[in-house]
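Chain by chain, the residues:
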Amino acid sequence: MKLGAFSVSLSVKDLETSKQFYENLGFSVFAGDLSKNYLIMKNGNALIGLFQGMFKGNILTFNPGWDENASTLEEFDDVREIQRQLKSKNIALASEADEQTTGPASIFVTDPDGNVILFDQHI
């Protein structure tokens with residue numbers, strides 16, 4: 001499966017404090033908006049999302065169709081194809097994409113240890 005860009009989406013208590021912390025680690029703001037309570041930060045190929053008040057816990061995130069610069073990949077597995085492959089392997093989905101649609105969609109799975117994984121396709 002071609003899963004696209006990988007990042008960790010962190011649920012943070014104070015977005016500005018977390019932003020400053022990660023800037024001290026060499027990350028810089030890549031996308032997002034403080035006024036909308038989220039930032040995407042980048043250090044080389046490493047991506048982290050900081051989200052205040054949007055969800056509980058941290059999430060492993062894959063973006064089918066994007067590289068780490070949010071540029072569209074020429075070849076990628078659509079999130080619906082990833083969904084079909086996961087189902088064929090008897091992996092339970094916490095949420096599903098409508099297979100009758102195209103374009104942006106997302107699915108969630110939970111690994112055996114309770115870690116949430118988001119496949120979030122934007123194109």
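Please refer to the structure higher up on the page.
Computed from a predicted structure; not experimentally measured. (Residues numbered from 1 in each chain as written. Predicted model: local features only at pLDDT ≥ 70, side-chain atom pairs only at ≥ 80, totals over all residues. Heavy atoms only, no water.)

**Concerning helix α2 (residues 79–88)**
(1) Moving on: Those residues of α2 that fall on the buried side of the exposure criterion are V79, R80, I82, Q83 and L86. For α2, the buried positions fall inside an angular range of 155 degrees around the axis, keeping them on one side.
(2) Moving on: Where α2 is buried, its residues contact β6 (93–95), β7 (105–110) and β8 (116–121).
(3) Moving on: Among the residues trailing α2, N90 stands out with phi positive, at a value near 60 degrees. (Buried < 20%, exposed > 50% of the residue type's maximum accessible area, 1.4 Å probe, protein only. Helix = DSSP H or I, 4+ residues; strand = E, 2+ residues; numbered from the N terminus. Arc of directions from axis to C-beta. Contact = heavy atoms within 4.5 Å.)

**Structural notes on the environment of Q83**
(1) Moving on: Mapped onto the secondary structure, Q83 falls in helix α2.
(2) Moving on: Considering only alpha carbons, one finds Q83 and N115, 32 residues apart in sequence, at a separation of 18 Å.
(3) Moving on: Aside from chain neighbours lying at most four places away, what touches Q83 is L93, E96, A97, E99 and I107.

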